[in-house]
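Structural characterization, general
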Amino acid sequence: MKLEIGRIYIKDIQLGNETSVKNGVLTVDKTSLIAKLKEDDRIKDVKIDIAKPGDKVRIIPVKDVIEPRVKISGGNNGFPGVTAKPAQCGEGRTHVLYGAAIVTVGDIVGFQEGVIDMWGEGAKWTPFSQTYNLTVDINVVDGIDPHTHEETVRLAGLRAAEFVGQAGKDITPDEVLTYEMGSIFEESNKYPNLPKVLYAEMMITQGLLHDTYIYGVNAQTILPALLHANEELDNAVISGNCVAACDKITTYQHQNNSTILDLYAQHGKEINFMGCIMVPEHTTLAGKMRASDYTRKLVKMLGADAVVVSEEGYGNPDSALLIICKKCEKEGVKTVLITDECAGRDGMSQPLADTAAEAVAVVSGGNVSHVVTLPPADKVIGNAEAIAVLAGGWEGALLEDGSLQCELNAVIGSTSEIGYHNVTCRLY
Amino acid sequence: MIITNNPLVAEKYENVLWTDGSVEKTLIIVRDFIHQGYELVSHPLAASLRMLFSPYRSIIINNKKEKLNFEHAQIIEDSIIKYKKHMDLRKTDEKTRDDYKKIDLLLLEAALSEEKGKWY
């Protein structure tokens, strides 16, 4: 399978009368985009805005972040199985508006947080303060049930990304990246002496606001599934998860999964990267046992020497992460875990809800309990009242000068468990 | 059986043990059942820190077995410790309690749907 990602560098964004990229400036036709989104009669109102790096702007509550792209050859445009008919992802050529992002905003439930600050202290903690953001704030018609509400906002974001992505159709990319890998047998013949490594990506799959979709299939209903490393990089996986702001994997992060990209970079050099197992995170213990057994089976069947396991969320997913670790290590498969920590304000408490003696190689994506102070914004995109939700965690979080203190937990993508973020680990 | 402090769950389902207490009290009731030989069907904790702020939690347990399931006893004990450690510093989100009620019910129903058509 061969995928070419053509990056078109975006250096600015504006609203206008056409949707185009000229000299790195992305212009979005707001009226046409709103008309397009309102083809969905569940949408009452759409507000489109822009937020650039350095602007004193706060976006809250963020539902999802999506990278605008267009398919040039192979497969189908958009998100196959969701916004387009099913097709193979991971082949052909895709153009990416690199540096731009669609950010969907809107309350589905009152306790959503999910903040992106485009400037100052808050900007340091989220990778989406560095993107040129087109915000899409969706208001749905009255009387809609929560499942339909979530679906409406999710689809609107994906369709907006597809609409904006069209601007890259006839543009020559600034850079073309090639991702190519043969069958497992071909690659193993090519690199007989390199350790065979699989990536097991856990996804929250537990119901409303806690879902992930692969080719449009709700992953709560699947057994762990084997994907070619190219598929997720080419729109096969989308997020329906909008509660765990800091460590949920947004659609943008699926499209640019750092763990896949890093493993790819070492393929043929230090390792033989065999592909991805998409592992559902169930809320039931039976589901956790089934998913972990099946993951171990795939790892053994494919003859992997090592597996990298990334988590999504915190709490019951910690149990599932460690069950997978125990089972794979017992089979003699070297297992590396990527998680984040909930280690108290000082970072000194036990970081996970569970522990295991087999978890000997663990990478931390950061401490979600770390407290940050966010100064007042000049402009709030979304719902300013949601800021009170941020401050709702403990007494005294709202300071006299209007700044508020919150935990990293509330900042989108701040402690990513697939490594697409700004925090790193340091040994000392 | 569902052990819950969520009135929406108690109204909608039979075979519910409802408590008007806190999430912590709900977890402790679950622990006492596990110590008597019942097994966990759903995990006591939710999947994100934000859901720990919920004033409501519903947990499914299975029929009583002859022996104590030590693994499940460990899970519920660890969950209580973890929950208390978090909530000592934080408070439940009362402003949006009605939303938490609904989401707790919907997440419970997602767990129940996973268990449909099983007999063990």
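Residues numbered from 1 in each chain as written. Chains lettered and ligands numbered in written order. Predicted model: local features only at pLDDT ≥ 70, side-chain atom pairs only at ≥ 80, totals over all residues.

**Concerning the overall build of chain A**
Along chain A, the regular secondary structure elements total ten helices and 25 strands. Over its C-alpha atoms chain A spans a radius of gyration of 21 Å, differing by no more than 12% from the 22 Å that the globule rule assigns to 428 residues. Principal-axis analysis of the C-alpha atoms gives chain A an extent of 55 × 55 × 45 Å. When burial is assessed residue by residue, chain A has 56% of its 428 residues classed as buried. (Helix = DSSP H or I, 4+ residues; strand = E, 2+ residues; numbered from the N terminus. Rg over C-alpha atoms; globule rule 2.2 N^0.38 Å. Buried ≥ 20, exposed ≤ 12 C-beta atoms within 10 Å, placed from the backbone.)

**Structural notes on the packing of helix H8 (residues 285-301) of chain A against helix H9 (residues 316-330) of chain A**
Residue and element names in this part refer to chain A. Between H8 and H9, whose axes approach to 9 Å, the crossing angle comes to 35 degrees. Classified by chirality, the crossing of H9 by H8 is right-handed. Between H8, through Lys288, Ala291, Ser292, Thr295, Arg296 and Val299, and H9, the contact on the second element is made entirely by Ser319, Ala320, Ile323, Ile324, Lys327 and Cys328. Tallied by class, the residues present in the contact of H8 with H9 amount to six nonpolar, three polar and three charged. (Axes fitted to C-alpha atoms, helices over the stretch in contact; angles between N-to-C directions. Left-handed = near helix turned anticlockwise from the far one by under 90°. Contact = placed C-beta atoms within 7 Å. Nonpolar A, V, L, I, M, F, W, Y, C, P; charged D, E, K, R; others polar.)

**Quick notes on the sheet that holds strand S16 (residues 217-218) of chain A**
Residue and element names in this part refer to chain A. Read from one edge to the other, the open sheet built from three strands follows the order S16-S15-S18, with strand pairing classed as antiparallel. With partners counted over all chains shown, the strands left at the sheet margins are S16 and strand S18 (237-241), one partner each. In this sheet, S16 lies alongside strand S15 (residues 210-214) in antiparallel orientation, the contact comprising two bridges. In the sheet register, Tyr213 faces S16, and the bridge partner there is Asn218. (Pairing = 2+ DSSP bridges.)

**Regarding the interface of chain A and chain B**
By a widely used convention, the size of an interface equals the accessible area lost when the partners come together. On the chain B side, the residues contacting the 35 residues of chain A number 33 residues. Elements with a minimum of two residues in the side of chain A that touches chain B: H8 and H9 of chain A. Looking at the side of chain A that touches chain B, the element that brings in the most residues is H9 of chain A, giving three residues. Looking at the side of chain A that touches chain B, its residues break down into 15 nonpolar, 17 polar and three charged.

**Description of unusual backbone geometry**
All names here are of chain A. Here the amide bond leading from Ile60 into Pro61 is cis, since omega sits at -10 degrees, within 30 degrees of zero. Its identity is not glycine, yet Leu209 carries a phi of approximately 70 degrees, on the positive side. You can see Leu209 is positioned in the loop between strand S14 (196-204) and S15. Owing to 27 C-beta atoms within 10 Å, Leu209 belongs among the buried residues under this scheme. The phi torsion at Asn235 lies on the positive side, around 75 degrees, for a residue other than glycine. For Asn235, the location among the structural elements is in the loop between helix H5 (229-232) and S18.

**Some details on the pairing of strand S9 (residues 92-98) of chain A**
Residue and element names in this part refer to chain A. Most of S9 is tucked away: five of the seven residues are buried. Sheet analysis places strand S8 (residues 69-73) next to S9, joined by four bridges and oriented antiparallel. The residue of S9 that forms the bridge with Ser73 is Arg93.

**Description of helix H7 (residues 258-266) of chain A**
Residue and element names in this part refer to chain A. Among all positions of H7, only Thr259, Ile260, Leu263 and Tyr264 are buried. In a view along the axis of H7, the buried residues occupy a sector of 135 degrees, so they form one face of it. Turning to H7, the residues buried within the fold contact strand S13 (175-180), S14, H5, strand S19 (272-281), strand S20 (306-310) and strand S21 (334-341). Once H7 ends, the next one or two residues include Gly268, with phi positive near 85 degrees. (Arc of directions from axis to C-beta.)

Structural measurements only, silent on function.
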